[in-house]
2 protein chains.
Amino acid sequence: MASDSQPDAPAMTEGIVCPTPAPTDDRVQLGHGSGGKMSAALLRDRFLSRFTNDELARLGDAAVVELNDGDVAISTDTFVVSPLEFPGGDIGSLAIHGTINDVAMMGAEPQYLSVGFILEEGLSFDVLDRVVASMDTAASAAGVTLVTGDTKVVERGKADRMFINTTGVGRLEDTFRPSPEHAKPGDHVIVSGPIGRHGIAVMAVREGLEFEVEIESDSAALTPLVRALRETVGSAVHVMRDPTRGGVASALNEISSAAGVGIELEDHAIPVPEPVAAACEMLGLDPLYVANEGIMVAIVAEEDGDRALTTLKSHPLGENAVRIGNVVAEHPGMVVLRTGVGGTRVVDMLPGDQLPRIC
Amino acid sequence: MASDSQPDAPAMTEGIVCPTPAPTDDRVQLGHGSGGKMSAALLRDRFLSRFTNDELARLGDAAVVELNDGDVAISTDTFVVSPLEFPGGDIGSLAIHGTINDVAMMGAEPQYLSVGFILEEGLSFDVLDRVVASMDTAASAAGVTLVTGDTKVVERGKADRMFINTTGVGRLEDTFRPSPEHAKPGDHVIVSGPIGRHGIAVMAVREGLEFEVEIESDSAALTPLVRALRETVGSAVHVMRDPTRGGVASALNEISSAAGVGIELEDHAIPVPEPVAAACEMLGLDPLYVANEGIMVAIVAEEDGDRALTTLKSHPLGENAVRIGNVVAEHPGMVVLRTGVGGTRVVDMLPGDQLPRIC
């Protein structure tokens, strides 16, 4: 499947990571949108070499800027998911949840969203209406207000039905500033729910796969979990991250690099729902790399780790939260998985796309 | 030309406005992205009927929201211009100027921008690099910082090389709040420079037209003009608007509707550069409807109108500023052009696209 749509991004095989394409390549490839190594290279070579400012260089899910003598988190995300509708959501709810979550992961309270539509000529109003209704429901449920927008229309064949950009802002408190570089040896690594559902739900529709149990996207606003953590354990939360493109593996790799620490995961502890595991087996995917849109990774100081876990589990969104590993001083910049038989394997960044256009 | 690309949006003939397509149409058409009547209908029927909040309902170029006990303007814009590069700019500089100007038109000082790219697989890095360099130059020159971004890649044929969304924020002062509904009878209507250059520059490249004198886009950040007006005439500036999609005619129609006033323009006063006039003649276009990206319309209290004009003219960006008419109490909601021979014609909103994809 991967080989049909992305000839230059070799499929991932457990433990084997193919090199990124030779630097002589002079064109954008699908893998550049993956959230993996090729994305990082694009960002470094094409954008950061040009736009030089401290805030952008931090590469957070959102930027922190000062406005009216206080700090504000700003995040932008463009959604190109195909198909537009999938079990558990659609491009509209995804566009709301995705940006809210990026703002929330900075520790901020998401308040306002902008929305920019690109519509392909010929898109049916039925679809547009359903997507807009879904955006409204998602925004209202999360308590954020959509305050400004823009719509562009392009000719038939110049876009794929509908793309949506959302940009979100929210205020930050001085006392709650989780950030990837704050991870410390001893910290607990917690995920707030089972992994891999969003990516597999989208793939299943796109590829016309049928499973015994329908897999629904986990798409959800993480704000209630963030609020709960802020109120109970506060600054003991060193890092929060929503593992979207590139999955839990990529998010943890970014954190271990940013903080200069190692991360050790326990294979048996990683919560992979049975249908997701079966689908991944069939599709040759590793659930650690599959996108999620409604779970978070929290890295919490050792002494408050259990309390953070209890806090997450007390909320419906986090009832299946579980500790999956620890931050360690060894092998800085590297994520290692301890397997059942006493072995370990390195969980590296993917070079390119595992699943294109899942968000 | 219009009939090739937009079968449902009839070409404009002076004074004759064709009806919008029948409401039984159930699909998005190119004209829905025009900034004209069809855009307004899409907004009303598909978006505002669902997203109901006061700020969105104001339909300003940007929203005003409270953040950290102060007001902030937020604006978002997606750029789908074709071709990506044109005389006087490219999609990158346009994406910076367009959003900065929308924030500035609220009276705010633009501070931060986010950027979201959609790249088509196969886009050459040469083009991407030029566009990114151009964004950086434009942002630096305007004193705004690009603080966060996102990149998505879609398969070949699923986008048109590159689309860019930018979202901007900037702080507002309590004492300077121009807004369309503030226009009052007697106010002077001023444009800060010659009209029609951007739309014609883009069309000329797209259609392979050659004129004796190359027409360059006016694309520019209007912040210096806004600052100058704020400092000299302040709250006497009742309305500011950058007449982009739909041109000066659409901007003035929106203002006259919002304020419930009439607007009278003097045909002979409207500054149309000779090459733009010639191109419009050839293409069957009315320059009043052609997009601009570096001029503003300012509606200023009668007693300060001359001072505002002098202020604009003292800056290189506004050296050709000119008063083109007045706000009147008569014919509320209607813009009327006085022609040389003593006649008048109504300058209505266009039903659909005059020039698709010029921003």
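All values reported here derive from a predicted model rather than from experimental measurement. (Residues numbered from 1 in each chain as written. Chains lettered and ligands numbered in written order. Predicted model: local features only at pLDDT ≥ 70, side-chain atom pairs only at ≥ 80, totals over all residues. Heavy atoms only, no water.)

Residues and elements named next belong to chain B. Inspection of the secondary structure assignment puts N292 in the loop between α9 (274-283) and β11 (297-300). At a separation of 2.6 Å, a polar atom in the side chain of N292 contacts the main-chain amide nitrogen of G196. Looking at N292, its side chain comes within polar contact range of the main-chain oxygen of P243, at 2.9 Å. Sequence-distant contacts of N292, defined by excluding residues within four places in its chain, comprise P194, I195, G196, R197, H198, D218, P243, T244, G247 and V248. (Helix = DSSP H or I, 4+ residues; strand = E, 2+ residues; numbered from the N terminus. Polar contact = N/O pair within 3.5 Å; in protein donor to acceptor, adjacent residues only side chain to side chain. Contact = heavy atoms within 4.5 Å.)

At the interface, 75 residues of chain B touch 77 residues of chain A. Applying the counting criterion to the chain B and chain A interface returns eight salt bridges. We note a salt bridge from K152 of chain A to D77 of chain B, for which the minimum N-O separation is 2.9 Å. Counting across the interface, chain B meets chain A through 31 residue pairs in polar contact (both at pLDDT 80 or more). Listing elements by their share of the side of chain B that touches chain A, those giving two or more residues are α2 (37-48), α3 (54-57), β1 (63-67), β2 (70-79), β5 (109-120), α5 (125-142), β6 (145-154) and β7 (162-171) of chain B. Among the residues making up the side of chain B that touches chain A, the classes are represented as 32 nonpolar, 21 polar and 22 charged. (Salt bridge = Lys/Arg side-chain N within 4 Å of Asp/Glu carboxyl O. Nonpolar A, V, L, I, M, F, W, Y, C, P; charged D, E, K, R; others polar.)

With that settled, the discussion passes to the pairing of β11 of chain B. One face of the sheet, then the other: side chains in a regular strand alternate in exactly this way. All names here are of chain B. Alternating residues of β11 divide into V297 and I299 and A298 and V300, and every residue in both groups is buried. Where strand β9 (residues 237-241) and β11 come together, four bridges link them in antiparallel fashion. By the bridge assignment, V237 is partnered in β11 with V300. (Buried < 20%, exposed > 50% of the residue type's maximum accessible area, 1.4 Å probe, protein only. Pairing = 2+ DSSP bridges.)

Quick look at unusual backbone geometry now. The linkage connecting S82 of chain A with the following residue, P83 of chain A, adopts the cis geometry, with an omega of 5°. The residue P83 of chain A is located in the loop between β2 (70-79) and β3 (85-86) in this model. We note that N68 of chain B has phi near 55°; this positive angle belongs to a residue other than glycine. Within the element layout of this structure, N68 of chain B appears in the loop between β1 and β2. N68 of chain B sits in the partly exposed class, given a relative accessible area of 21%. In the Ramachandran plot, D69 of chain B falls in the positive-phi region, its phi being about 65° despite a non-glycine side chain.

Quick look at the relation of the copies chain B and chain A now. If you rotate chain B by 180° and push it 0.0 Å along the axis, it lands on chain A with an RMSD of 0.0 Å. What the superposition gives is, in effect, a two-fold axis relating one chain to the other. Proximity to the rotation axis, assessed at the C-alpha, singles out A159 of chain B in chain B; its C-alpha lies 2.1 Å from the axis. Take the interface residues of chain B: 100% of them recur as interface residues in chain A, which is what a same-surface contact looks like. (Least-squares fit on C-alpha atoms with pLDDT ≥ 70 in both.)

On to the sheet that holds β6 of chain B, then. All names here are of chain B. With mixed pairing, five strands are arranged side by side in an open sheet as β1-β2-β7-β5-β6. Only two strands of the sheet have a single neighbouring strand rather than two, namely β1 and β6. Neighbouring strand axes in the sheet, compared pairwise and without regard to direction, differ in orientation by 20° on average. Relative to β2, β1 runs antiparallel, the two sharing five bridges. Residue V64 lies in a different strand from β2, and its bridge partner there is A73. (Axes fitted to C-alpha atoms, helices over the stretch in contact; angles between N-to-C directions.)

Residue and element names in this part refer to chain A. On average, residues of chain A score 90 in pLDDT, and 92% of them are at 70 or above. In the model, residues 1-19 has pLDDT below 50 throughout and makes 29 contacts with residues more than four positions away in sequence or in other chains. Scored by ipTM, the complex comes to 0.90, with pTM at 0.91. (pLDDT = per-residue confidence, 0-100.)

Residue and element names in this part refer to chain A. Mapped onto the elements of the fold, R177 is located in the loop between β7 (162-171) and β8 (188-191). Residue classification places R177 among the partly exposed positions, given a relative accessible area of 27%. Measuring from C-alpha to C-alpha, the distance between R177 and L337 comes to 28 Å, with 160 residues separating the pair along the chain. Each residue touching R177, except ones within four places of it in the same chain, is listed here: V64, D71, M106, L172 and H182.

Okay, helix α8 (residues 247-259) of chain A next. Residues and elements named next belong to chain A. An ideal rise of 1.5 Å per residue puts 18 Å on 13 residues; α8 measures up with 19 Å between its terminal C-alpha atoms. Among the residues of α8, G247, V248, A249, S250, A251, L252, N253, I255 and S256 are the ones counted as buried. Immediately downstream of α8, the backbone of G260 shows phi near 65°, a positive value. (Expected span 1.5 Å × (residues − 1).)

Within the span of helix α2 (residues 37-48) of chain A, buried status applies to M38, S39, L42, R46 and F47 of chain A. Projected down its long axis, α2 of chain A shows its buried positions confined to an angular sector of 105°, all on one face. Packed against the buried residues of α2 of chain A are β5, α5 and β6 of chain B. (Arc of directions from axis to C-beta.)

Attention shifts here to the packing of helix α4 (residues 91-104) of chain B against α5 of chain B. Residues and elements named next belong to chain B. Look at α4 against α5: their axes get within 6 Å of each other, and the N-to-C directions meet at 30°. On the basis of the axis angle, α4 is roughly parallel to α5. As α4 runs across α5, the sense of the crossing is right-handed. Where α4 abuts α5, its residues I91, G92, S93, A95, I96, H97 and I100 lie against V131, S134, M135, A138, A139 and A142. (Parallel < 35°, antiparallel > 145°, perpendicular 65-115°, else oblique. Left-handed = near helix turned anticlockwise from the far one by under 90°.)

This part is about the sheet that holds strand β14 (residues 344-346) of chain A. Residues and elements named next belong to chain A. Across the sheet, seven strands lie side by side as β9-β11-β8-β12-β10-β13-β14; this open sheet has mixed pairing. This sheet does not close on itself; its edge strands, each paired only once, are β9 (237-241) and β14. Taking the axes of each pair of neighbouring strands and ignoring which way they run, one obtains an average angle of 25° across the sheet.

Counting 50 residues, the largest nonpolar core has L119, L128, M135, M162, I164 and I200 of chain B as its most contacted members. The set of elements that each furnish at least two residues to this core consists of α2 of chain A together with α4, β5, α5, β6, β7, α6 (197-207) and α9 of chain B. At nine residues, α5 of chain B tops the list of elements feeding residues into this core. Looking at this core, you find at least three residues from each of domain 1 (65-171) and domain 2 (180-346) of chain B. Sequence-distant contacts of I164 of chain B, defined by excluding residues within four places in its chain, comprise D77, T78, F79, I91, G92, A95, V115, G116, F117, V131 and M135 of chain B. By size, the runner-up hydrophobic cluster in this structure holds 49 residues, among which are L113, F125, V127 and L285 of chain A. (Core = buried A, V, L, I, M, F, W, Y, C linked by side-chain atoms within 4.5 Å. Domains from an automatic or database assignment.)

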